[in-house]
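Summary of the model geometry
Residues per chain are reported as follows:
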Amino acid sequence: MKTVEEIKAAIEAAVPGAGVEIVLNPGASAQHSLRLDHAHALAVAQFLRDDAEFGLDFLSNVSGVDWPDKEITEKVKVTRTVTKSVDGLEQQVEETVEEPRKRFEPGYLEAVYHLFSMTKKHGPVILRLRTANRTDQVDMPSLTPIWRSAEFQEREVFDLYGIVYTGHPDLRRLLMWDGFKDHPMRRDYVEPDDFEYEPTAHDEVLARAAAHKASQPDQEGTVAGS
Amino acid sequence: MTTFAINPDKQQGWNRPPVIAPEGDGDLLEVAMGPHHPSTHGVFRMDVALDGERVVRLKPVFGYLHRNHEKIAEGASYLASMPYTDRLDYFCSLTNNWAYALAVEKLVGQTVPERAEYIRVILAELTRIQNHASAIGFLIQEMGASGTPLMYAFKEREKILDLFESLTGSRMMCNYMRFGGCRVDVSAAWLDGARKVVAGLPQFIDEFENLLSSNEILMARCQGIGILRSELAINAGITGPMLRGSGVNYDIRKVDHYGIYDRFKFRVPLGDHGDIYDRYMVRVLEMRESVHILEQALKEIPGGPIMDPKAKIRGFRPKPGEAYGRIEAPKGELGFYLISDGSPNPYRYRVRPPSLINLTVLEDMCLGSNVADVVLIFGSVDIVLGEVDR
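Quick notes on the rules
Residues numbered from 1 in each chain as written. Chains lettered and ligands numbered in written order. Predicted model: local features only at pLDDT ≥ 70, side-chain atom pairs only at ≥ 80, totals over all residues. Helix = DSSP H or I, 4+ residues; strand = E, 2+ residues; numbered from the N terminus. Rg over C-alpha atoms; globule rule 2.2 N^0.38 Å. Buried ≥ 20, exposed ≤ 12 C-beta atoms within 10 Å, placed from the backbone. Contact = placed C-beta atoms within 7 Å. Domains from an automatic or database assignment. Pairing = 2+ DSSP bridges. Axes fitted to C-alpha atoms, helices over the stretch in contact; angles between N-to-C directions. Core = buried A, V, L, I, M, F, W, Y, C linked by C-beta atoms within 7 Å. Parallel < 35°, antiparallel > 145°, perpendicular 65-115°, else oblique. Nonpolar A, V, L, I, M, F, W, Y, C, P; charged D, E, K, R; others polar.

Scanning chain A for helices and strands turns up 4 helices and 9 strands. Relative to a compact globule of 226 residues, whose C-alpha radius of gyration would be 17 Å, chain A shows 27 Å and is clearly more extended. C-alpha extents for chain A along the principal axes are approximately 75 × 70 × 30 Å. The buried share of chain A, taken over its 226 residues, is 33%. Here the contacts in chain A between residues at least 6 apart in sequence split such that 55% fall between residues at least 24 apart.

Annotation of chain A at the domain level lists domain 1 (4–67 + 109–166), domain 2 (70–104) and domain 3 (193–226). Each of domain 1 of chain A and domain 2 of chain A has a C-alpha centre, and the two are 46 Å apart.

Looking now at the sheet that holds strand E2 (residues 33–36) of chain A. Residues and elements named next belong to chain A. Pairing within the open sheet is mixed, and its 5 strands lie in the order E1-E2-E7-E6-E3. Pairing within the sheet leaves two strands with one partner each, and these edge strands are strand E1 (20–23) and strand E3 (58–67). Adjacent strand axes in the sheet meet at a mean angle of 25 degrees when their direction is disregarded. Packed onto the sheet, helix H3 (residues 150–161) meets E3 and strand E6 (108–116) and runs at close to 10 degrees relative to E3.

One non-glycine residue, Ala30 of chain A, lies in positive phi territory at about 55 degrees. Within the element layout of this structure, Ala30 of chain A appears in the loop between E1 and E2. Given 13 C-beta atoms within a 10 Å radius, Ala30 of chain A is considered partly exposed. One non-glycine residue with positive phi stands out, namely Arg390 of chain B, at about 50 degrees. With respect to the helices, strands and loops of the structure, Arg390 of chain B is situated in the segment after helix H16 (385–389). Under the C-beta neighbour-count criterion, Arg390 of chain B is labelled buried, with 25 such atoms within 10 Å.

Next up on the list: the nonpolar core. Core analysis: the largest hydrophobic core is formed by 154 residues, its most contacted members being Ile163 of chain A together with Ala103 of chain B. When residues of this core are assigned to their parent elements, the largest contribution, 14 residues, is made by helix H5 (residues 114–142) of chain B.

Residues and elements named next belong to chain B. Summarising burial for strand E6 (residues 321–329): 9 of the 9 residues are buried, a large majority. Sheet topology note: the E6/strand E7 (residues 332–340) ladder contains 9 bridges and is antiparallel. Across the sheet, Arg326 pairs through a bridge with Gly335, a residue of E7. The loop that links E6 with its antiparallel partner E7 comprises 2 residues.

What follows concerns the environment of Ser81 of chain B. Residue and element names in this part refer to chain B. Mapped onto the elements of the fold, Ser81 is located in the loop between helix H2 (69–74) and helix H3 (82–85). Considered as a pair, Ser81 and Asp47 are 34 residues apart in the sequence and their alpha carbons are 34 Å apart. Look past the residues within four positions of Ser81 in its chain and what remains in contact with it is Ala73, Ala76, Tyr100 and Tyr349.

This brings us to the sheet that holds E6 of chain B. Residue and element names in this part refer to chain B. Taken in spatial order, the 3 strands line up as E6-E7-E8 in an open sheet, and their pairing is antiparallel. Here the strands that pair on one side only, and so sit at the sheet edges, are E6 and strand E8 (348–352). Here the average twist between neighbouring strands, direction ignored, is 10 degrees. Contacts between helix H4 (residues 93–108) and the sheet are confined to E6 and E7, with E6 contributing the most and set at about 150 degrees to the helix.

A few words on the packing of H5 of chain B against helix H15 (residues 371–381) of chain B. Residues and elements named next belong to chain B. Two elements in contact, H5 and H15, have axes separated by 9 Å at closest approach and are oriented at 175 degrees. Overall, the two elements H5 and H15 adopt an arrangement that is roughly antiparallel. Where H5 approaches H15, its residues Phe138, Leu139 and Glu142 are matched on the opposing element by Val375, Leu376, Gly379 and Ser380. In the contact of H5 with H15, the residues fall into 4 nonpolar, 2 polar and 1 charged.

On to the interface of chain B and chain A. Residue-level contacts link 43 residues of chain B with 44 residues of chain A. Only H2, H4, helix H9 (230–235), E6, E7, E8 and helix H13 (354–358) of chain B provide two or more residues apiece to the side of chain B that touches chain A.

Below you can see the structure in the form of structure tokens.
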């Protein structure tokens, strides 16, 4: 099996203009991956499948990964001039202090494709695609036209992560029901308040029942004891 | 509840229910097979559009058994997910354990002692035999032979489950593998018992085949039905006996040589036509090859530790990185994809379920066949809903 550098060179030679970026895996498995850009993803996938040398005809696994927005607090060294009294005299002194700085790193949704070859019996070659952000630009090209095995798996990623695949023949929710609104595999998913009141004498349960009742004002009835 | 600003107009379109038999499409009849249909092995629905007896469209509907296994595993430590993998494909808990242990061992670069590898092979092949036997039993039940053939299949499965119970304490939820070895050692008496069971298996398979393989009804119902071409099988990511029934020589035991499978002599049975009968035949022949592997493994099993002494159990925190590990489970390629961020819980835990992905081609196999054959074609895929919906 070729190294990721060789695969990258082969892709760039075959698909002009394709942006391929190596994502190194520091772990013990050393399964490095290649990040593709949206515009050339289909062309690259087609090349990898049809090329006689790679022959990656078997798309084994499609997984979504959620990387939420990060707010990183770092300590930055800042040099500034301050007025200090040294030996009773006012003096301008240069001083270096550490200041906390907040940096915002935007999050994204990612889809990881594990490819193998049934004819050549090698693999895995790992492809990654990333969305621009996790709120309004969550689209990404679908690889179902190249590998049929992505059909249900991309539906599952759409369902649980909310990645919208363009070019998918039948993009519907797979596991959650059709009326469901959220995407439960996202890291910041909060379970809905589906508390059911059970008549017990515990104050805690009664307090929860009252809070639940207050959050659902359109329902009839009162909670006993609240 | 968090809301995401995805275009709400489009959302209506994505969540549309599938229109199977739209009006103005002639006299199509829409039938919902399931979720409580005796043939569906659990809670699973097929929305079928029929033109008389002929299937025109078929859309599988999933999710009745969905409990978001992956999300639960992301909130638990690595080891805490091991018993939960038993519940994926509850017929083959030991191969599920092995696939997960293999993925974690890849993630941390853990080695496994030789005796533990042999025990894993023995248990995996016993699991394969009992899974294939009961899969064939269910297939024949769906052909209309209610009860009796299934009990024949369960006769030998019972002996294998007794072996599992005496070793792991549980018949189906075994929770036996650990990262870097196995939980308890096998005793000499257990190995003797296993040898006795394995010695009786060829006779059982002969008896099974004498009753079934040339049975006129089975041949009439299975041959030439539910044909899956090899090109489509490869493109749709079909694995396991279904893929080999279509004539594609791809067995992960032979390709990856995970564990110690390169030490054993066995053949990979292949089908020719890709119909239900070929899938049945591949399963029978795979049982025979598993018996060969078991005979070799039970003869050669060495002494020694069953757990790598360097394996870390407390404070198990893999270094940041990711790994994809896969094995040839009885139903196909079972893979686990793990991303670690250095914490005690996996950052991402993904199961590659063979049962779900093998259903991708269900519609293609059923189109044009009779509605009675849908039940049979579905049965020949061999799925477990615990793994399909996760």
